Amino acid sequence: MARTPASRSDSNSPADAYANRNPGPGGETHQTATSPDQTLTTNQGAPISDNQNSLKAGARGPTLLEDFILREKITHFDHERIPERIVHARGSGAHGYFQPYESCAKWTKAAFLQDPSVQTPVFVRFSTVAGGAGSVDLPRDVRGFAVKFYTSEGNFDLVGNNIPVFFIQDAMKFPDLVHSVKMEADRAFPQAASAHDTFWDFASLSPETTHMLLWAMSDRAIPRSLRMIEGFGVHTFRFINEAGESTFVKFHWRPMLGTASVLWDEALKINGADNDFHRRDLWNAIDSGDFPEWEFSVQVFDQATADAFEFDILDATKLIPEEVVPLTKLGKMVLNRNPDNFFAETEQVAFHPGHVVPGIDFSNDPLLQGRLFSYTDTQLSRLGGPNFHEIPVNRPQCPMRNFQRDGLMRMNNPPGRANYEPNSIAPEGPRESPRGFHTVADPVEGGKVRERSETFSDHYSQARQFFRSQTEPEQQHIISAFAFELAKVAIVPIRQRVLGHLHLVEPKLGKAVEAALGMEGQAEQIKPAKAPIDLPDSPTLSIIKKAVPILKGRKVGVLVTDGADDKLLADVRSAVEAEGAMVELVAPKIGGVKTAGGKQLPADHTISGGPSVVFDAVVLAVSKDGVAALVKEAAAVEWVQNAFAHLKFIGHTSTAKPLMDKASVVPDAGVIAIEGGSEGGIDAFITGAKTHRLWEREPTLRTPG
Ligand code: HDE
């Protein structure tokens, strides 16, 4: 029987676990329950003879305190959880490598950016921000995109997001922002959702959030896959070359599969159908050898460019459009190995924007400056002490020697008397080196003030530029998202305040959201600190404008019944697989179907277990007899209805017509007869599916609100 991706990923036999066991970053292996010597032991290594029964005084008597095996096992279990991250609690990790295209020596001496033949190992953790560790994968939220490069000169952590700007300008506001968006303090809901009073109260009283709100209400916040998100360092950093020359730099990741999102209605349904949708997708892709890849790019610019820019490059609520400073591609990252153990790696990985290497330095962005404190501090309570750098996933993969000693959970065992420096008793070192990290001697002046620079005061112009740069469908989605979120805000003056900001961004946006809420003319009048200006459109801010036709990495769901045509199914499968995409069969029963040719085909999903929302395009390969039963099955009708409502390409046999009629499918360019004829056919379906969605269908199906 063919192993489906689902069965492959769910395979967890002890033999597989041992065969797939990976060495840790330091090359060490971990003792597992399936080591060649199979004896089960305590943590102290004592062999265990009975792992089923506790020690009792008589078979029906009380348990004895003496049972050290039971006590050790239960005590360990009681302490299996550590505090989850205060933000970015839900994450998925993967190992891989980064390789530069060519030397970047003219800009930076960073060791991992010098030699195109050198691969630098990486560990990446993607995350949602607001929800807890057990929350769903598709809330409307920012995605974290944190990369740890294990370079030959120390770990470099690029701790970014999938959105290039941030909500606030100063670290002082971060706890307020996070408190407002997380579950409300008294009631502990809503979980993983910004659609509630406290978030919009804070946001509407903090005009600096406006630009980021536009991004958060756009389709960026509901990605199709973690393999299809962009990543951004957000802040301005610096590159430093061997000569000590500094240039400003903004970091970007671009997915090779293109950037793609789901629709909001789809996101809501995916969360019900599979709340591990993104986590599973990433795991399965890597597990099946379809390794996700990103190009690492930079915007490099000098002081003169920074001075000529309308905004302050230290303001994290602003981006530099690619049309102003184009991207330079530096190399590629490939994720090719799933973690062995979620807790040991994905949970214990400790990122920190302050983990930089010679050749990379900070700017004075006040948000970044605050982050430089926060990340070590949070690891102290999350990972229990100052030695978290010794946890295998956090350990540098280059020599690491200094005179720091001791502390909770110290793992290494440094020999000798010299635990100080300078010393004369250990001439072999370690010692300072001219090659060591040098901070750019950026002159600093000014009194000690608590102030926001005047250069940070325009909160609307880039929000307007973002909105205007979107296509019509993307603008409609933003309007709908604001309407959805504000409809969940019970306190009416908060809604009115948000509407006031939206009018400043763009009157068309403000009016459309008012109309969608049924609150025409109710916006609060807001006086901006600085009047917005019109900036040129930046087409690269739109996902749709830069979309490339590609089916690679996608999933086509094929609805089958008994009597399905063998050749047609085989042709669909080979056409889809030729594009690097995957077919999954959905059938009334998990045992599968008997084809017209008498072959028993196992199903990957039942209809309710594999709703069409989890696929990128669908094929209805149902037989005449089979369809008669499906039209009476609500889940089957809904399967087709949703595929149509989510603007997907639908390939179908002529026998599927009764089901499409029942699902109110209206023939259009996205509904394609796959049996061929003068128009249509499998090729036409594939060509359509590569464009992902038929946007023209959307206005016939929904209005913003
Ligand atoms: Fe974070 N952030 N952050 N952040 N952040 C954390 O660190 C913080 C900010 C980002 O997968 C925490 O280890 C402050 C911007 C990612 O483990 C914490 C401020 C950006 C991750 C923290 C910011 C990020 C975090 C929580 C404002 C995009 C997940 C757990 C001054 C450039 C990393 C932890 C992972 C995690 C603090 C703002 C990205 C509390 C104080 C801007 C991707 O230290």
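Each chain carries its own residue numbering, running from 1 in the direction its sequence is written. The predicted nature of this model means local features are confined to residues of pLDDT at least 70 and side-chain atom pairs, given and counted, to a pLDDT of 80 or more, with totals for whole chains, interfaces and linings taken over all residues.

An unreviewed UniProt entry annotates the chain as Catalase of Pigmentiphaga aceris. UniProt positions are given in the numbering used here, feature names are shortened, and annotations may be inferred rather than shown by experiment. Recorded in UniProt under Function (unreviewed entry), the annotation for the chain is "Decomposes hydrogen peroxide into water and oxygen; serves to protect cells from the toxic effects of hydrogen peroxide." We quote the UniProt Cofactor (unreviewed entry) comment for the chain here in full: "heme".

1. Digging into the overall build of the chain
Numbering of helices and strands starts at the N terminus; helices are DSSP runs of H or I of at least 4 residues and strands are runs of E of at least 2. Assigned secondary structure in the chain consists of 20 helices and 18 strands. Only C-alpha atoms enter the radius of gyration, while the globule expectation follows 2.2 Å times N to the 0.38, with N the number of residues. Relative to the globule expectation of 27 Å for 705 residues, the C-alpha radius of gyration of the chain, 28 Å, shows essentially globular dimensions. Dimensions of the chain, computed from the C-alpha atoms along their principal axes, are close to 90 × 80 × 55 Å. For the chain, buried positions account for 42% of its 705 residues. To assign burial, the other C-beta atoms lying within 10 Å of each residue's own C-beta are counted, with C-beta atoms placed from the backbone; 20 or more indicates buried, 12 or fewer indicates exposed, and intermediate counts indicate partly exposed.

2. What about the nonpolar core?
Core membership is restricted to buried Ala, Val, Leu, Ile, Met, Phe, Trp, Tyr and Cys residues, and these are joined into a nonpolar core through C-beta atoms within 7 Å. Counting residues in hydrophobic clusters, the biggest one holds 107 residues, and the most contacted among them are Val558, Val560, Leu620, Ala621, Val622, Val640 and Leu659. Residue pairs qualify as contacts under a 7 Å threshold applied to their C-beta atoms, which are placed from the backbone. Each residue touching Val622, except ones within four places of it in the same chain, is listed here: Leu559, Val560, Thr561, Ala564, Val627, Leu630, Thr653, Thr655, Ala656 and Leu659. Of all hydrophobic cores here, the second largest spans 54 residues; its members include Val124, Leu158, Ile229 and Met333.

3. Some points on the site of the ligand
Placing a C-beta atom from the backbone of each residue, we mark the residue near a molecule or strand if the atom is within 6 Å of it. The environment of the ligand is formed by 26 residues, the closest being Arg85, His88, Gly144, Ala171 and Val234. Of all the elements in the fold, those that place two or more residues in the shell around the ligand are strand E2 (120-128), strand E3 (143-151), strand E4 (154-161) and helix H11 (366-382). Each residue belonging to the shell around the ligand can be placed in one class, and the counts come to 14 nonpolar, nine polar and three charged. For this scheme, ten residues count as nonpolar: Ala, Val, Leu, Ile, Met, Phe, Trp, Tyr, Cys and Pro. Four count as charged, namely Asp, Glu, Lys and Arg, and the remainder, Gly too, count as polar.

4. Topic: the environment of His252
Residue position: His252 is located in strand E7 (residues 246-255). Since 22 C-beta atoms lie within 10 Å of it, His252 is described here as buried. For the pair formed by His252 and Lys329, sequence separation is 77 residues and the distance between their alpha carbons is 9.1 Å. Aside from chain neighbours lying at most four places away, what touches His252 is Glu230, Gly231, Phe232, Ser297, Val298 and Leu327.

5. A look at the pairing of E4
Of all eight residues in E4, seven are buried, a share of seventy percent or more. Sheet topology places E3 next to E4; eight bridges connect them, and they run antiparallel. Note on E4: the bridge partner recorded for Gly144 is Asn161. When DSSP finds two or more bridges between a pair of strands, those strands are recorded as paired. Taking the residues that link successive antiparallel strands as the turn, the E3-E4 hairpin has two residues.

6. Here we look at the UniProt feature "domain: Catalase core" (unreviewed entry) in the chain
The sites that carry the UniProt feature "domain: Catalase core" (unreviewed entry) are, in the present numbering, residues 41-429. Within residues 41-429, the helical portion is 22% and the strand portion 19%, while the C-alpha atoms at the span's ends are 40 Å from each other.

7. A look at the sheet that holds strand E17 (residues 650-652)
On the basis of which strands lie adjacent, the open sheet formed by six strands has the order E15-E12-E11-E16-E17-E18 and parallel pairing. In this open sheet, the two edge strands, each paired with only one partner strand, are strand E15 (605-606) and strand E18 (671-673). Relative to strand E16 (residues 617-621), strand E11 (residues 555-560) runs parallel, the two being bridged by five bridges. Across the sheet, Val558 pairs through a bridge with Val619, a residue of E16.

8. Here's the deal with the packing of helix H13 (residues 472-487) against helix H15 (residues 507-517)
Relative orientation of the contacting elements H13 and H15 amounts to 50°, with a least axis distance of 9 Å. Judged on the interaxial angle alone, H15 and H13 are oblique. Judged by the sense of rotation from one axis to the other, the crossing of H13 with H15 is right-handed. Residues Ile479, Ser480, Phe482, Ala483, Leu486 and Ala487 of H13 touch H15, and the partners they reach there are Leu509, Ala512, Val513, Ala516 and Leu517. The residue makeup of the contact of H13 with H15, split by class, is 10 nonpolar, one polar and no charged. Helix axes are fitted to C-alpha atoms over the stretch in contact, other axes to C-alpha atoms as well, and angles between N-to-C directions run from 0 to 180 degrees. The cut-offs work like this: below 35 degrees is roughly parallel, past 145 is roughly antiparallel, 65 to 115 is roughly perpendicular, and the gaps in between are oblique. In this scheme the handedness of a crossing depends on how the near helix is turned from the far one: anticlockwise by less than a right angle means left-handed, clockwise means right-handed.

9. Overview of the pairing of strand E6 (residues 237-240)
Across four bridges, E6 lies against E7 in antiparallel orientation. By the bridge assignment for E7, Phe239 is matched with Thr247. The turn linking E6 back onto E7 is made up of five residues, and Gly244 within it adopts a positive phi angle of 85°. The pairing of E6 with strand E10 (residues 360-361) spans two bridges and is antiparallel.

10. Overview of H13
Any helix carries an expected span of 1.5 Å times its number of residues minus one. Compared with an ideal rise of 1.5 Å per residue, which puts 16 residues at 22 Å, H13 spans 22 Å between its outermost C-alpha atoms and is within 8% of the ideal. Residues of H13 that are buried include every one of Glu474, Gln475, His477, Ile478, Ile479, Ser480, Ala481, Phe482, Ala483, Glu485 and Leu486, and no others.

11. Structural notes on the environment of Ile240
With respect to the helices and strands, Ile240 occurs in strand E6. When the C-alpha atoms of Ile240 and Pro392 are compared, they prove to be 29 Å apart, with 152 residues separating the residues in sequence. Ignoring anything within four residues of it in the chain, the contact list for Ile240 reads Thr108, Lys109, Ser246, Gly359, Asp361 and Val440.

12. Concerning the UniProt feature "active site" (unreviewed entry) in the chain
UniProt records the feature "active site" (unreviewed entry) at His88 and Asn161, using the numbering of this structure. Despite a sequence span of 74 residues, these residues sit close together in the fold, their greatest C-alpha distance being 10.4 Å. You can see His88 is positioned in the loop between helix H3 (68-78) and strand E1 (91-100). The residue Asn161 is located in strand E4 in this model. Ignoring any residue separated from it by four or fewer positions in sequence, one finds Asn161 in contact with Val142, Arg143, Gly144, Phe145, Phe232 and Val234.

13. Concerning unusual backbone geometry
The amide bond that connects Glu421 to the next residue, Pro422, takes the cis arrangement and shows omega of 5°. Relative to the helices and strands, Pro422 is located in the loop between H11 and helix H12 (461-469). A cis amide bond links Gly429 with the next residue in sequence, Pro430, at an omega value of 5°. Along the polypeptide, Pro430 turns up in the loop between H11 and H12. Despite not being glycine, Val234 shows a phi value in the positive range, around 70°. Tracing the backbone through its elements, the reader meets Val234 in the loop between strand E5 (231-232) and E6. By the C-beta count within 10 Å, which is 23 here, Val234 ends up buried. If you check the backbone angles, Ser664 has positive phi at about 55° while not being a glycine. Relative to the helices and strands, Ser664 resides in the loop between helix H19 (657-662) and E18.

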